[in-house]
Amino acid sequence: MSKPSANSAAARDRTIRGIVSQLTSMYLQNRTRISRAVYITLFVALINRVRHAIQEQKAASVREATKRAEKSGTTSTADGEVTKKKKVELNREFFRSLLRLLKIVVPGWRSKETRLLISHSFFLVMRTLISLKVAAMDGAIVKALVKGNGREFLMRIVWWMLIAVPATFTNSMLSYHQAELSLRYRTRLTQFIHDKYLSQLTFYGISALDDRIKNPDQLIAVDVAKFSNSLAELYSNLAKPLLDMTIYTFSLSKSVGGEGVVFMSLLVQLSAHVMRALTPPFGKYVADEARLEGEFRFQHSRLIDHSEEVALYAGHEAEKDTLDKGYFTLIKHVNYILRRRFYHGFMEDFVIKYFWGALGLLLCSVPVFVKLPGQVTMNMGDRTETFVTNRRMLLSASDAFGRIMFSYREIMELAGYTSRVSSLLEVMDDIQAGHFEKKLVSSSGTENNEAVLKGRGKVVESSNIEFIDVPIISPNGDVLVPALTFKLTPGDHLLVVGPNGCGKSSLFRILGGLWPVYGGTVHKPPFTDIFYIPQRPYLSRGSLRQQIIYPDGLRTMRSKGVTDSDLLSILKILSLEHLIDLYPEGWDAEAEWRDVLSGGLQQRVAMARLFYHRPKYAILDECTSSVTLDTEKVMYDNAKALGITLMTVSHRRSLWKYHTHILQFDGQGHFVFTRLDADKRMKLEDEKEDLEVLLRQVPELERRVRELSEL
């Protein structure tokens, strides 16, 4: 019974071997046709995949357009709703934003950036070709070693050392080009952002009229640099691996056969899809980390700006709690990212280094164990050379594919930086177009104010100042005055009075072009004809001369025909000529003027700045609160003598005599605009104060009358 079963097993074995041998023979006979069919199939599959990707992008575009159409018309959120943050992913929005930024950092074909990219590409190709040559030389060196040919071995070593010179030079040039590209990208983008940020008062709109960007300084100083570095690295980390994979795969297919490369590629693609599905959203993590970094930095800068107030309130413990909370929120997020990177890195290393490495060893062994058509008989040295060369090329190809896989994470990080930088550009575009989004926190509710806030009035350039039914809006969305109407002509000096929060500052923001006109018509002179002096004037960094002529520069001052002697005469009017003698450099002395000068001196310097510019209109916001009455008289008399029409916010009775009109707000939405008779108003105020004193005495007199009545 055992003999027949053994014979049948041997027969089956011979039958299986025969079938395998027959199939192998048929495959080898038709190998070229089968390879062509496989390549054509892969090419068609690639085209079909690209077509599906394009269709998905078009569908996503339609969906985004529909969403924008549904959300159109909502410019502000009055009920506390906040627009959802954009998801950081590789979608149409990312490519649109990246293309916009690319047009900024690479402005044209003749730009220096383009020349750097071409040169960078040349060295990338050179590096790959040198790597191919080095792989072949490695195989030849090992072959000479196996054969025991010392002379040939030493010659191969000498050639290997010689080729190291162009190889190391090429690597250094690649590093230099990457760093130079990053620097050029940052320079282009920073200059572009500065041009937009410091034009049309965009910097003011971002901080005061719109709350989508909380920390523009973080975006401009840090995120732009990170975006530029990430973009420069991405080109090198994508272009070279793609080039390496193409050339090494082609070389391997000639050595081990195309079917082996195709089979391995399919397994690699399958494992790559699994890895991609398990890859965390690192782009979103990076964007959130940058946002938390910016918020933490903003909290510190806010503490610096308000250090005096915090110190007076002894609020250091409360501020410490706020800073600690911001820091630990950031650290918690960073630790979460580190944990996700650990698990993802473990998976990537196992698949890329070991699983793909095992597949590579199987592929490199094909010429040793399988005789391919057209392959000559090889001895031990030839087999060793072929194996080492193929192994080197396979390792380089695997490394290239691994870098492509790692680059997906880098692309997601680039997507995070792209999202933040493009958001800044979009917000600046919206602000320059007059579109603002601000979360309103009104004391009386903003539901009834939405119609006013969505409206826009008309601004007409004129030599006079005239408001016709213009609503005055507070920063938090309250309608302070529903319709303000008044008119001033040159020489009509206006005094503006009223309680805090009644609309005085908003009125002057409209005149200065800082605040949008929500309705009615405003006739006002151009921006250059209106000069604003706040209670605490701004003193720039620079020389003493710069404090007087700000925002003009020295060249502009000279072009106006103004000399240092003219500036000295202005200082003498305000008794400031001693400032020049305080420093050996005189007009060119530089200091932290806000710390050096007292409050009264700062206000006098600001008035000297007004005398230098000699505008048609001047807005004076409590600008004499720290000076004496004599200095105040000099300021106002000289300003009026220069033909400057004054608009003053102050409650000091000493200023009434310098004005011809008064605009008085009551804080309830009403106002009174009339001519100001200083003497008459002074008498009425005196009489009012006397009556108030008498009224305060009435309760005491009544009490005394009751006591006398009881006797």
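Residues numbered from 1 in each chain as written. Predicted model: local features only at pLDDT ≥ 70, side-chain atom pairs only at ≥ 80, totals over all residues. Heavy atoms only, no water.

A.B. asks: What is the right way to look at the nonpolar core in this model?
C.D. replies: Buried together is how nonpolar side chains tend to be arranged in soluble globular proteins. L189, I193, F227, F467, L484 and F486 are the most contacted members of the largest nonpolar core, which totals 64 residues. Among the elements that make up this core, the one with the highest residue count is helix α13 (residues 380–432) (10 residues). Two domains each provide a minimum of three residues to this core, namely domain 1 (106–280 + 371–431) and domain 2 (457–676). Beyond its immediate stretch of four places on either side in the chain, F467 contacts L484, T485, F486, L507, I510, L511, T521 and V522. Counting residues in each nonpolar core, the second largest holds 37 residues, with L544, L576, L601 and M607 among its members. (Core = buried A, V, L, I, M, F, W, Y, C linked by side-chain atoms within 4.5 Å. Buried < 20%, exposed > 50% of the residue type's maximum accessible area, 1.4 Å probe, protein only. Helix = DSSP H or I, 4+ residues; strand = E, 2+ residues; numbered from the N terminus. Domains from an automatic or database assignment. Contact = heavy atoms within 4.5 Å.)

A.B. asks: Help me understand the pairing of strand β2 (residues 465–473), please; the structure alone is not making it clear to me.
C.D. replies: Looking down a regular strand, the side chains alternate between one sheet face and the other. Here β2 runs beside strand β3 (residues 479–488); their pairing, made up of 6 bridges, is antiparallel. Within β3, the residue paired with V470 across the bridge is L484. Strand direction decides the pairing type here: β2 and strand β5 (residues 521–524), joined by 3 bridges, are antiparallel. Within β5, the residue paired with F467 across the bridge is V522. (Pairing = 2+ DSSP bridges.)

A.B. asks: Is there a simple way to think about the packing of helix α3 (residues 92–105) against helix α5 (residues 150–197) in this case?
C.D. replies: Angle between the axes and distance between the axes are the two parameters that describe a pair of packed helices. One can describe the packing of α3 onto α5 by two numbers: an axis separation of 8 Å at closest approach and a directional angle of 100°. With respect to their mutual orientation, α3 and α5 come out roughly perpendicular. In contact with L101, I104 and V105 of α3, α5 contributes Y185, R188, L189 and F192. Taken together, the residues of the contact of α3 with α5 sort by class into 6 nonpolar, no polar and 1 charged. (Axes fitted to C-alpha atoms, helices over the stretch in contact; angles between N-to-C directions. Parallel < 35°, antiparallel > 145°, perpendicular 65-115°, else oblique. Nonpolar A, V, L, I, M, F, W, Y, C, P; charged D, E, K, R; others polar.)

A.B. asks: Explanation requested: the sheet that holds strand β8 (residues 645–649) in the structure shown.
C.D. replies: Within a sheet, adjacent strands bond to each other through the backbone by hydrogen bonds, running parallel or antiparallel. One open sheet accounts for 6 strands, arranged β6-β7-β8-β4-β9-β10; its pairing is mixed. Since the sheet does not close on itself, it has two edges, and those belong to β6 (530–533) and β10 (671–675), each with one partner. For this sheet, the mean angle separating the axes of adjacent strands, direction not counted, is 15°. With 5 bridges connecting them, strand β7 (residues 617–621) and β8 associate as parallel partners. Bridge pairing in β8 links A618 to L646. Of the strands in this sheet, β4 (494–497), β6, β7, β8 and β9 (661–665) touch helix α15 (residues 504–511), which is tilted by about 150° from β8. Packed on one face of the sheet, helix α21 (residues 599–613) meets β6 and β7 and runs near 170° to β6.

A.B. asks: Looking at this structure, I do not really get the sheet that holds β2. What am I missing?
C.D. replies: Across the sheet, 4 strands lie side by side as β1-β5-β2-β3; this open sheet has mixed pairing. Only two strands of the sheet have a single neighbouring strand rather than two, namely β1 (458–461) and β3. Sheet twist, expressed as the mean angle between neighbouring strand axes with direction ignored, is 25°. Contacting β2, β3 and β5, α15 runs over the sheet at an angle of about 125° to β2.

A.B. asks: Can you walk me through unusual backbone geometry in this structure?
C.D. replies: Trans peptide bonds make up most of the peptide bonds, and negative phi angles are found at most residues other than glycine. The amide bond that connects Y550 to the next residue, P551, takes the cis arrangement and shows omega of 5°. One non-glycine residue, L201, adopts positive backbone phi at about 55°. Here L201 lies in the loop between α5 and α6 (202–209). Given a relative accessible area of 24%, L201 falls into the partly exposed group. Positive phi, close to 55°, is recorded for S575, a residue that is not glycine. On the basis of relative accessible area, S575 is assigned to the partly exposed category, the value being 42%.

A.B. asks: What is the right way to look at the packing of aromatic side chains in this model?
C.D. replies: Aromatic ring pairs are described here by two measures, namely the spacing of the ring centres and the angle between the planes. Applying the stated criterion across every chain, the model contains 13 aromatic pairs. Ring centres 6.1 Å apart and planes at 65° place the aromatic pair F123 and F169 in the edge-to-face group. Note that F123 is positioned in helix α4 (residues 112–147) and F169 in helix α5, a separation of 46 residues in sequence. Here the aromatic rings of Y285 and Y336 are separated by 5.5 Å at their centres, their planes lie at 80°, and the arrangement is edge-to-face. With Y285 in helix α9 (residues 282–305) and Y336 in helix α11 (residues 316–364), this residue pair connects regions lying 51 residues apart in the sequence. Look at Y285 and you get buried, because its relative accessible area is 8%. A relative accessible area of 32% means that Y336 is categorised as partly exposed. The structure contains a cluster of three or more aromatic residues connected by ring pairs, namely F122, F123 and F169. (Phe/Tyr/Trp six-rings, centres within 6.5 Å; stacked < 30°, edge-to-face > 60°.)

A.B. asks: I tried to follow the packing of α21 against helix α22 (residues 629–641) on my own but got confused; where do I start?
C.D. replies: For the pair α21 and α22, the least separation of the axes is 11 Å and the interaxial angle reads 10°. Judged on the interaxial angle alone, α22 and α21 are roughly parallel. For the pair α21 and α22, the contacting residues are Q603, R604, M607 and F611 in the first and T631, M635, N638 and A639 in the second. A class-by-class count of the residues in the contact of α21 with α22 yields 4 nonpolar, 3 polar and 1 charged.

A.B. asks: Just to check I follow, could you spell out a nonpolar patch on the surface for this structure?
C.D. replies: Residues M155, V158, W159 and L162 make up a contiguous nonpolar surface patch of roughly 420 Å² in combined accessible area. Following the sequence through the fold, V158 ends up in helix α5. A relative accessible area of 43% places V158 in the partly exposed class. (Patch = residues over 30% accessible without salt bridge, like charges linked within 9 Å, V, L, I, M, F, W, Y side chains within 5 Å. Areas by Shrake-Rupley, 256 points an atom, 1.4 Å probe, with all protein chains shown as cover. Salt bridge = Lys/Arg side-chain N within 4 Å of Asp/Glu carboxyl O.)

A.B. asks: Explain the side chain of T624 here, please?
C.D. replies: In this fold, T624 is placed in the loop between β7 and α22. With sequence-adjacent residues up to four places away left out, T624 is seen in contact with Q603, E632, M635, Y636, R652 and L655.

A.B. asks: What am I meant to see in α6 here?
C.D. replies: Owing to its 3.6 residues per turn, the α-helix aligns residues three or four sequence positions apart on the same side. Here α6 lies mainly inside the structure; 6 of its 8 residues are buried. Within α6, the full set of buried residues consists of T202, Y204, G205, I206, A208 and L209.

Note that all results are geometric; they support no functional claim without further evidence.
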